[in-house]
Amino acid sequence: MKLPGLFFFLIIIGASNTTAQSGYKILRDVKKNTSQTGYEILKDVNKIDIPFEYKNNLILVNVTFNNTFPLKFIFDTGAENTILTKRSITDLIGVRYEREFKVLGSDMQTELTAYLVRGIHLKIEDMVSPNQTMLVLDEDYFNFEELLGIQIHGILGANVFKGLSVKINYRNKVITLMKSGSGNPPNDNYQVLPILVEKNKPYLETFIRTQNDTVVKVKLLVDTGAMLALLLNTDSHPLLRAPENAVNGNIGTGLGGFLKGHVGRVSELNFGDLQCNEVITNFQDYEEGMDSSLILDRNGLIGNGVLSRFDVIIDYPALKMYLQPNKSFKKEFKFDKSGLVIIAADFQLSKYIVHSVISGTPAALAGVMPGDEITRLNFAPAGMLTLERINQILRKKEGKKIVLVVKRNKKKFKFIFNLKKIV
(Lines give C-alpha, C1' and ligand atoms only; values in the text may rest on other atoms or scores of the structure.)
Protein backbone atom coordinates (compact mmCIF):
# COMPACT_ATOMS: atom_id res chain seq x y z
CA MET A 1 0.00 0.00 0.00
CA LYS A 2 1.28 3.43 -0.87
CA LEU A 3 1.53 5.88 2.00
CA PRO A 4 2.09 9.25 0.34
CA GLY A 5 1.95 11.36 3.45
CA LEU A 6 4.96 10.15 5.40
CA PHE A 7 7.46 12.83 4.52
CA PHE A 8 10.68 13.85 6.21
CA PHE A 9 13.59 16.02 5.22
CA LEU A 10 16.72 17.57 6.62
CA ILE A 11 17.75 21.06 5.62
CA ILE A 12 21.52 21.38 5.60
CA ILE A 13 22.52 24.70 4.04
CA GLY A 14 25.33 26.13 6.13
CA ALA A 15 27.11 24.08 8.76
CA SER A 16 25.21 25.90 11.50
CA ASN A 17 21.78 25.37 10.00
CA THR A 18 21.20 21.64 9.72
CA THR A 19 17.52 21.22 10.44
CA ALA A 20 14.90 18.61 10.58
CA GLN A 21 11.36 18.98 9.47
CA SER A 22 8.68 16.31 9.43
CA GLY A 23 5.05 15.84 8.44
CA TYR A 24 3.06 12.65 8.43
CA LYS A 25 -0.34 11.47 7.27
CA ILE A 26 -1.12 7.92 8.37
CA LEU A 27 -3.97 6.12 6.63
CA ARG A 28 -7.21 5.53 8.49
CA ASP A 29 -6.64 1.82 8.93
CA VAL A 30 -3.40 2.59 10.80
CA LYS A 31 -5.25 4.89 13.17
CA LYS A 32 -7.91 2.37 14.17
CA ASN A 33 -5.63 0.76 16.75
CA THR A 34 -3.75 3.80 17.97
CA SER A 35 -2.24 3.45 21.41
CA GLN A 36 -3.46 5.11 24.56
CA THR A 37 -3.73 8.86 24.37
CA GLY A 38 -1.70 11.23 26.45
CA TYR A 39 -4.70 11.91 28.66
CA GLU A 40 -4.92 8.22 29.56
CA ILE A 41 -1.23 8.23 30.43
CA LEU A 42 -1.86 11.05 32.93
CA LYS A 43 -5.09 9.65 34.35
CA ASP A 44 -3.54 9.02 37.80
CA VAL A 45 -1.27 12.11 38.03
CA ASN A 46 -1.52 15.81 37.23
CA LYS A 47 1.74 16.11 35.35
CA ILE A 48 4.92 14.34 34.29
CA ASP A 49 8.32 16.01 33.88
CA ILE A 50 10.61 14.69 31.16
CA PRO A 51 14.21 15.99 31.10
CA PHE A 52 15.78 16.31 27.68
CA GLU A 53 19.07 16.99 25.95
CA TYR A 54 19.22 19.94 23.56
CA LYS A 55 21.74 19.26 20.83
CA ASN A 56 22.02 20.77 17.36
CA ASN A 57 18.74 22.59 18.01
CA LEU A 58 16.91 19.32 18.60
CA ILE A 59 15.02 18.10 21.68
CA LEU A 60 16.25 14.57 22.50
CA VAL A 61 14.54 12.35 25.08
CA ASN A 62 15.63 9.00 26.47
CA VAL A 63 13.27 6.19 25.53
CA THR A 64 13.34 2.60 26.79
CA PHE A 65 12.07 0.47 23.91
CA ASN A 66 10.16 -2.73 24.82
CA ASN A 67 11.78 -2.80 28.27
CA THR A 68 15.08 -3.61 26.58
CA PHE A 69 16.82 -0.94 24.53
CA PRO A 70 17.81 2.54 25.80
CA LEU A 71 17.31 4.80 22.77
CA LYS A 72 17.19 8.50 21.90
CA PHE A 73 14.16 9.95 20.13
CA ILE A 74 13.44 13.44 18.82
CA PHE A 75 10.48 15.05 20.61
CA ASP A 76 8.52 16.22 17.59
CA THR A 77 5.28 18.21 17.69
CA GLY A 78 5.44 18.32 13.90
CA ALA A 79 5.13 14.53 13.59
CA GLU A 80 1.71 12.92 13.70
CA ASN A 81 3.06 9.48 14.63
CA THR A 82 6.04 7.81 16.26
CA ILE A 83 8.76 6.30 14.07
CA LEU A 84 11.69 3.96 14.69
CA THR A 85 14.50 4.54 12.21
CA LYS A 86 16.51 1.40 13.11
CA ARG A 87 14.86 -1.77 11.83
CA SER A 88 17.72 -3.80 13.31
CA ILE A 89 16.18 -3.25 16.75
CA THR A 90 12.77 -4.71 15.92
CA ASP A 91 14.40 -7.50 13.91
CA LEU A 92 16.50 -8.45 16.93
CA ILE A 93 13.54 -8.83 19.29
CA GLY A 94 11.28 -10.47 16.72
CA VAL A 95 8.58 -7.82 16.41
CA ARG A 96 5.97 -8.75 13.79
CA TYR A 97 5.57 -6.35 10.87
CA GLU A 98 1.87 -6.14 10.12
CA ARG A 99 1.86 -4.18 6.91
CA GLU A 100 4.25 -2.67 4.42
CA PHE A 101 3.81 0.89 3.21
CA LYS A 102 5.45 2.81 0.44
CA VAL A 103 6.74 6.17 1.63
CA LEU A 104 7.20 9.18 -0.60
CA GLY A 105 10.65 10.70 -0.13
CA SER A 106 11.60 14.33 0.26
CA ASP A 107 12.12 14.64 -3.49
CA MET A 108 8.34 14.02 -3.83
CA GLN A 109 9.09 11.20 -6.28
CA THR A 110 11.16 8.36 -4.78
CA GLU A 111 9.23 5.55 -3.06
CA LEU A 112 10.75 4.11 0.12
CA THR A 113 9.53 1.38 2.50
CA ALA A 114 8.15 1.41 6.06
CA TYR A 115 6.37 -1.19 8.22
CA LEU A 116 3.54 -0.94 10.72
CA VAL A 117 4.09 -2.48 14.17
CA ARG A 118 1.78 -2.59 17.17
CA GLY A 119 1.97 -3.27 20.89
CA ILE A 120 5.32 -1.58 21.47
CA HIS A 121 6.14 -0.70 25.08
CA LEU A 122 7.73 2.74 25.47
CA LYS A 123 9.02 4.27 28.70
CA ILE A 124 10.07 7.92 28.71
CA GLU A 125 11.29 8.78 32.22
CA ASP A 126 8.14 8.35 34.40
CA MET A 127 5.79 8.13 31.43
CA VAL A 128 4.86 4.63 30.31
CA SER A 129 3.01 3.91 27.10
CA PRO A 130 2.61 0.12 26.95
CA ASN A 131 0.74 -0.33 23.67
CA GLN A 132 2.17 1.96 21.00
CA THR A 133 1.47 1.67 17.30
CA MET A 134 4.35 3.02 15.24
CA LEU A 135 6.20 2.81 11.95
CA VAL A 136 9.60 1.17 11.39
CA LEU A 137 11.68 2.24 8.42
CA ASP A 138 13.11 -0.51 6.23
CA GLU A 139 16.43 1.38 6.18
CA ASP A 140 17.76 4.33 8.14
CA TYR A 141 16.88 6.82 5.42
CA PHE A 142 17.35 9.78 7.77
CA ASN A 143 21.11 9.37 8.33
CA PHE A 144 20.92 11.40 11.52
CA GLU A 145 24.37 10.33 12.65
CA GLU A 146 26.06 11.48 9.47
CA LEU A 147 24.25 14.78 9.21
CA LEU A 148 24.12 15.71 12.90
CA GLY A 149 27.00 13.81 14.45
CA ILE A 150 24.82 12.31 17.21
CA GLN A 151 23.02 9.00 17.72
CA ILE A 152 19.26 9.24 17.14
CA HIS A 153 17.01 6.21 16.88
CA GLY A 154 13.58 7.61 16.15
CA ILE A 155 10.94 10.30 16.41
CA LEU A 156 8.43 10.64 19.24
CA GLY A 157 5.29 11.90 17.55
CA ALA A 158 2.15 13.58 18.83
CA ASN A 159 0.18 10.33 19.04
CA VAL A 160 1.98 9.85 22.38
CA PHE A 161 1.11 13.22 23.96
CA LYS A 162 -2.06 14.27 22.14
CA GLY A 163 -4.88 15.49 24.35
CA LEU A 164 -2.48 17.13 26.82
CA SER A 165 -0.94 20.49 27.55
CA VAL A 166 2.77 20.33 26.69
CA LYS A 167 5.18 22.80 28.30
CA ILE A 168 8.74 23.06 26.96
CA ASN A 169 11.31 24.86 29.09
CA TYR A 170 14.37 25.19 26.87
CA ARG A 171 16.49 26.81 29.60
CA ASN A 172 15.97 24.06 32.18
CA LYS A 173 15.67 21.37 29.48
CA VAL A 174 12.42 19.92 30.80
CA ILE A 175 9.19 18.95 29.04
CA THR A 176 6.14 18.91 31.30
CA LEU A 177 3.05 16.99 30.21
CA MET A 178 -0.08 18.27 31.96
CA LYS A 179 -3.82 17.99 31.77
CA SER A 180 -5.31 20.87 29.86
CA GLY A 181 -5.39 24.26 31.56
CA SER A 182 -8.70 24.94 29.75
CA GLY A 183 -7.31 28.04 28.11
CA ASN A 184 -6.01 29.78 31.22
CA PRO A 185 -2.44 31.19 30.94
CA PRO A 186 -0.01 30.29 33.75
CA ASN A 187 0.62 34.00 34.43
CA ASP A 188 0.23 37.42 32.85
CA ASN A 189 3.70 37.26 31.25
CA TYR A 190 2.56 34.77 28.64
CA GLN A 191 1.32 35.81 25.22
CA VAL A 192 -1.82 33.79 24.43
CA LEU A 193 -2.29 32.70 20.81
CA PRO A 194 -5.04 30.60 19.22
CA ILE A 195 -3.86 27.53 17.30
CA LEU A 196 -5.33 24.92 14.99
CA VAL A 197 -4.74 21.21 15.62
CA GLU A 198 -4.91 19.08 12.50
CA LYS A 199 -3.91 15.40 12.50
CA ASN A 200 -2.47 15.90 16.01
CA LYS A 201 -0.20 18.74 14.81
CA PRO A 202 -0.40 22.38 16.01
CA TYR A 203 -0.59 25.27 13.52
CA LEU A 204 -0.34 28.99 14.15
CA GLU A 205 -1.88 31.60 11.88
CA THR A 206 0.16 34.79 12.05
CA PHE A 207 1.89 37.47 9.98
CA ILE A 208 5.39 37.93 8.62
CA ARG A 209 6.98 41.05 7.17
CA THR A 210 9.32 40.38 4.26
CA GLN A 211 12.53 42.22 3.41
CA ASN A 212 10.64 44.41 0.95
CA ASP A 213 8.22 45.42 3.74
CA THR A 214 5.32 43.29 2.49
CA VAL A 215 3.05 41.85 5.20
CA VAL A 216 1.83 38.30 4.53
CA LYS A 217 -0.61 36.22 6.58
CA VAL A 218 0.76 32.69 6.97
CA LYS A 219 -0.24 29.36 8.46
CA LEU A 220 2.80 27.75 10.11
CA LEU A 221 3.33 24.32 11.64
CA VAL A 222 4.74 24.55 15.20
CA ASP A 223 7.49 21.96 14.83
CA THR A 224 9.88 20.99 17.64
CA GLY A 225 11.37 18.43 15.25
CA ALA A 226 12.79 21.26 13.15
CA MET A 227 16.24 22.66 13.90
CA LEU A 228 15.75 25.73 11.77
CA ALA A 229 14.10 29.00 12.81
CA LEU A 230 11.57 29.50 10.02
CA LEU A 231 10.76 27.76 6.74
CA LEU A 232 8.43 29.16 4.07
CA ASN A 233 7.06 27.19 1.12
CA THR A 234 7.38 29.60 -1.79
CA ASP A 235 4.71 27.88 -3.90
CA SER A 236 2.10 28.30 -1.17
CA HIS A 237 1.66 32.08 -1.58
CA PRO A 238 2.57 34.49 -4.40
CA LEU A 239 4.21 36.92 -1.95
CA LEU A 240 6.48 34.34 -0.31
CA ARG A 241 9.65 34.90 -2.29
CA ALA A 242 13.26 34.77 -1.19
CA PRO A 243 15.00 38.18 -0.93
CA GLU A 244 17.54 39.15 -3.57
CA ASN A 245 20.50 38.54 -1.28
CA ALA A 246 19.40 34.99 -0.37
CA VAL A 247 21.77 32.04 -0.84
CA ASN A 248 20.68 29.88 -3.76
CA GLY A 249 21.14 26.14 -4.27
CA ASN A 250 20.42 22.78 -2.64
CA ILE A 251 19.01 23.56 0.79
CA GLY A 252 18.48 20.03 1.94
CA THR A 253 18.66 16.29 1.61
CA GLY A 254 16.66 13.53 3.20
CA LEU A 255 14.36 10.68 2.27
CA GLY A 256 15.24 10.11 -1.34
CA GLY A 257 16.54 13.39 -2.68
CA PHE A 258 17.64 17.00 -2.45
CA LEU A 259 15.52 20.09 -1.88
CA LYS A 260 15.88 23.23 -3.92
CA GLY A 261 15.58 26.69 -2.45
CA HIS A 262 17.22 29.65 -0.77
CA VAL A 263 18.24 30.89 2.65
CA GLY A 264 17.62 34.52 3.55
CA ARG A 265 15.80 36.52 6.20
CA VAL A 266 12.35 37.90 6.91
CA SER A 267 12.18 41.27 8.63
CA GLU A 268 9.58 40.28 11.21
CA LEU A 269 7.77 37.22 12.53
CA ASN A 270 4.80 38.13 14.72
CA PHE A 271 3.45 36.41 17.83
CA GLY A 272 0.67 38.74 18.88
CA ASP A 273 2.36 41.62 20.70
CA LEU A 274 5.77 39.94 20.37
CA GLN A 275 8.02 40.03 17.31
CA CYS A 276 11.18 38.25 16.24
CA ASN A 277 13.25 40.39 13.89
CA GLU A 278 15.60 39.55 11.01
CA VAL A 279 14.79 35.86 11.25
CA ILE A 280 16.96 33.41 9.28
CA THR A 281 14.50 31.79 6.87
CA ASN A 282 14.66 28.79 4.55
CA PHE A 283 12.63 29.35 1.38
CA GLN A 284 11.68 25.96 -0.03
CA ASP A 285 11.09 25.72 -3.78
CA TYR A 286 9.65 22.89 -5.83
CA GLU A 287 10.84 21.52 -9.13
CA GLU A 288 8.37 21.07 -11.96
CA GLY A 289 6.57 17.75 -11.76
CA MET A 290 6.83 17.33 -7.99
CA ASP A 291 3.68 16.72 -5.93
CA SER A 292 3.83 19.63 -3.51
CA SER A 293 0.18 19.28 -2.47
CA LEU A 294 1.19 17.10 0.49
CA ILE A 295 2.36 20.06 2.57
CA LEU A 296 0.90 23.09 0.86
CA ASP A 297 -2.09 23.19 3.18
CA ARG A 298 0.34 25.35 5.15
CA ASN A 299 2.81 28.09 4.29
CA GLY A 300 5.73 26.70 6.26
CA LEU A 301 6.87 25.98 9.79
CA ILE A 302 8.39 27.45 12.93
CA GLY A 303 11.26 25.41 14.39
CA ASN A 304 13.43 25.38 17.48
CA GLY A 305 15.55 28.27 16.21
CA VAL A 306 12.58 30.48 17.14
CA LEU A 307 10.74 28.39 19.73
CA SER A 308 13.82 28.08 21.98
CA ARG A 309 13.60 31.84 22.64
CA PHE A 310 10.43 31.24 24.66
CA ASP A 311 8.93 29.14 27.39
CA VAL A 312 6.35 27.35 25.25
CA ILE A 313 3.05 25.76 26.26
CA ILE A 314 0.93 24.01 23.63
CA ASP A 315 -2.50 23.26 25.10
CA TYR A 316 -3.96 20.86 22.56
CA PRO A 317 -7.53 20.54 23.99
CA ALA A 318 -7.87 24.30 24.56
CA LEU A 319 -6.44 25.12 21.09
CA LYS A 320 -4.09 27.67 22.64
CA MET A 321 -0.35 28.29 22.63
CA TYR A 322 1.35 30.35 25.32
CA LEU A 323 4.72 32.04 24.80
CA GLN A 324 6.87 33.73 27.43
CA PRO A 325 10.16 35.24 26.20
CA ASN A 326 13.31 33.94 27.88
CA LYS A 327 16.85 35.33 27.97
CA SER A 328 17.48 34.24 24.38
CA PHE A 329 14.56 36.20 22.96
CA LYS A 330 16.51 39.20 21.69
CA LYS A 331 19.62 37.36 20.51
CA GLU A 332 20.65 37.78 16.88
CA PHE A 333 19.66 35.00 14.49
CA LYS A 334 23.02 33.64 13.32
CA PHE A 335 23.92 31.81 10.15
CA ASP A 336 27.09 30.06 9.05
CA LYS A 337 29.76 32.53 7.89
CA SER A 338 32.12 30.08 6.15
CA GLY A 339 30.02 28.54 3.38
CA LEU A 340 30.81 24.99 4.50
CA VAL A 341 28.32 22.14 4.86
CA ILE A 342 29.97 19.45 6.98
CA ILE A 343 28.84 15.91 7.84
CA ALA A 344 30.12 13.31 10.31
CA ALA A 345 31.49 9.97 9.13
CA ASP A 346 32.82 6.69 10.58
CA PHE A 347 31.37 4.67 13.46
CA GLN A 348 32.62 7.02 16.19
CA LEU A 349 31.18 10.06 14.36
CA SER A 350 34.50 11.83 14.79
CA LYS A 351 35.53 12.06 11.15
CA TYR A 352 34.26 15.22 9.45
CA ILE A 353 33.82 15.56 5.70
CA VAL A 354 32.99 18.66 3.69
CA HIS A 355 29.68 17.78 2.05
CA SER A 356 29.44 20.93 -0.07
CA VAL A 357 30.72 24.50 -0.30
CA ILE A 358 28.52 27.48 -1.16
CA SER A 359 30.04 29.34 -4.08
CA GLY A 360 31.43 32.81 -3.45
CA THR A 361 31.83 32.25 0.31
CA PRO A 362 35.10 32.53 2.30
CA ALA A 363 35.72 28.76 2.29
CA ALA A 364 35.02 28.49 -1.43
CA LEU A 365 37.32 31.39 -2.28
CA ALA A 366 40.07 29.86 -0.10
CA GLY A 367 39.92 26.62 -2.10
CA VAL A 368 38.10 24.18 0.21
CA MET A 369 36.36 21.47 -1.82
CA PRO A 370 33.61 18.88 -1.30
CA GLY A 371 35.08 15.60 -0.09
CA ASP A 372 37.85 17.24 1.95
CA GLU A 373 38.34 15.57 5.33
CA ILE A 374 38.85 18.06 8.14
CA THR A 375 41.83 17.13 10.33
CA ARG A 376 42.28 20.38 12.29
CA LEU A 377 40.19 23.48 12.89
CA ASN A 378 41.89 26.50 14.48
CA PHE A 379 44.70 24.19 15.64
CA ALA A 380 42.35 21.77 17.44
CA PRO A 381 42.45 18.17 16.16
CA ALA A 382 39.15 17.20 14.56
CA GLY A 383 38.86 14.20 16.86
CA MET A 384 38.57 16.54 19.84
CA LEU A 385 35.62 18.40 18.32
CA THR A 386 31.95 17.57 17.85
CA LEU A 387 30.02 18.49 14.74
CA GLU A 388 27.97 20.88 16.86
CA ARG A 389 31.14 22.60 18.11
CA ILE A 390 32.49 22.93 14.56
CA ASN A 391 29.25 24.57 13.51
CA GLN A 392 29.44 26.99 16.44
CA ILE A 393 32.94 28.07 15.45
CA LEU A 394 31.90 28.67 11.84
CA ARG A 395 29.15 31.10 12.82
CA LYS A 396 31.22 33.27 15.14
CA LYS A 397 31.62 37.01 14.59
CA GLU A 398 32.46 38.39 11.17
CA GLY A 399 36.19 38.72 10.54
CA LYS A 400 37.25 35.86 12.80
CA LYS A 401 40.26 34.03 11.37
CA ILE A 402 39.75 30.36 10.52
CA VAL A 403 42.70 27.99 10.02
CA LEU A 404 41.50 24.78 8.42
CA VAL A 405 43.65 21.73 7.67
CA VAL A 406 42.12 19.05 5.43
CA LYS A 407 43.14 15.76 3.86
CA ARG A 408 42.53 15.41 0.12
CA ASN A 409 43.70 12.39 -1.88
CA LYS A 410 46.07 11.43 0.95
CA LYS A 411 47.65 14.90 0.91
CA LYS A 412 47.21 17.64 3.49
CA PHE A 413 46.18 21.19 2.62
CA LYS A 414 45.98 24.24 4.84
CA PHE A 415 43.46 27.02 4.22
CA ILE A 416 43.17 30.35 6.00
CA PHE A 417 40.15 32.59 5.64
CA ASN A 418 38.07 35.06 7.61
CA LEU A 419 34.41 34.55 8.41
CA LYS A 420 32.04 36.80 6.53
CA LYS A 421 28.30 37.37 6.81
CA ILE A 422 26.57 35.40 4.07
CA VAL A 423 22.90 36.04 4.87
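Residues numbered from 1 in each chain as written. Predicted model: local features only at pLDDT ≥ 70, side-chain atom pairs only at ≥ 80, totals over all residues. Heavy atoms only, no water.

1. A look at the pairing of strand 15 (residues 191-194)
Okay, step 1: Burial of strand 15 is one-sided: the residues Gln191 and Leu193 facing one way are buried, the residues Val192 and Pro194 facing the other way are not.
Okay, step 2: Alignment of strand 15 against strand 25 (residues 320-325), held across 4 bridges, turns out to be antiparallel. Across the sheet, the residue bridging to Gln191 is Leu323, located in strand 25. (Buried < 20%, exposed > 50% of the residue type's maximum accessible area, 1.4 Å probe, protein only. Helix = DSSP H or I, 4+ residues; strand = E, 2+ residues; numbered from the N terminus. Pairing = 2+ DSSP bridges.)

2. Regarding the packing of aromatic side chains
Okay, step 1: A complete count under the given rule lists 8 aromatic pairs for this structure.
Okay, step 2: Relative to Phe310, the ring of Phe271 lies with its centre 5.4 Å away and its plane at 70°, an arrangement referred to as edge-to-face. Taken as a pair, Phe271 in strand 21 (residues 258-271) and Phe310 in strand 24 (residues 310-315) lie far apart in primary sequence, 39 residues in all. Grouping residues by exposure puts Phe271 and Phe310 together as buried.
Okay, step 3: Aromatic rings pair up to connect Phe52, Tyr54 and Tyr170 into one cluster.
Okay, step 4: Stacked on the ring of Phe333, the Lys or Arg Arg309 has its end atom at 3.5 Å from the ring centre. (Phe/Tyr/Trp six-rings, centres within 6.5 Å; stacked < 30°, edge-to-face > 60°. Lys NZ or Arg CZ within 6 Å of the ring centre and 35° of its normal.)

3. A word on the nonpolar core
Okay, step 1: Residues Val61, Phe271 and Val306 are the most contacted members of the largest nonpolar core, which totals 68 residues.
Okay, step 2: It is strand 22 (residues 274-285) that contributes the most residues to this core, 5 residues altogether.
Okay, step 3: Excluding residues within four positions of it along the chain, Phe271 makes contact with Gln191, Leu193, Leu204, Thr206, Cys276, Ile302, Val306, Phe310 and Leu323.
Okay, step 4: Leu147, Ile152, Ile155 and Ile353 belong to the second largest nonpolar core, which has 23 residues in total. (Core = buried A, V, L, I, M, F, W, Y, C linked by side-chain atoms within 4.5 Å. Contact = heavy atoms within 4.5 Å.)

4. Details of the environment of Leu84
Okay, step 1: Tracing the sequence through the fold places Leu84 in strand 8 (residues 83-84).
Okay, step 2: Overall, the relative accessible area of 0% leaves Leu84 in the buried class.
Okay, step 3: Sequence spacing of Leu84 and Val117 is 33 residues, and the spatial spacing of their C-alpha atoms is 10.0 Å.
Okay, step 4: Leaving out residues up to four positions away in the same chain, Leu84 has contacts with Phe65, Leu71, Phe73, Ile89, Thr90, Met134, Leu135, Val136, Leu137, His153 and Gly154.

5. Concerning the pattern of salt bridges
Okay, step 1: All chains considered together, the criterion is met by 12 salt bridges.
Okay, step 2: A salt bridge links Lys55 to Glu53; the shortest N-O distance between them is 3.3 Å.
Okay, step 3: Residue class for Lys55 comes out partly exposed when judged on its relative accessible area of 31%.
Okay, step 4: Across the pair Glu53 and Lys72 runs a salt bridge, and its minimum N-O distance is 2.2 Å. Here Glu53 is found in strand 5 (residues 53-55), whereas its partner Lys72 is found in strand 7 (residues 69-75), with 19 residues between them in sequence.
Okay, step 5: The exposure class assigned to Glu53 is partly exposed, which follows from its relative accessible area of 24%.
Okay, step 6: Under the relative-accessibility criterion, Lys72 is labelled partly exposed at 21%.
Okay, step 7: Among the ionic contacts, a cluster of salt bridges with common partners joins Glu53, Lys55 and Lys72. (Salt bridge = Lys/Arg side-chain N within 4 Å of Asp/Glu carboxyl O.)

Read these as geometric descriptors, not functional statements.
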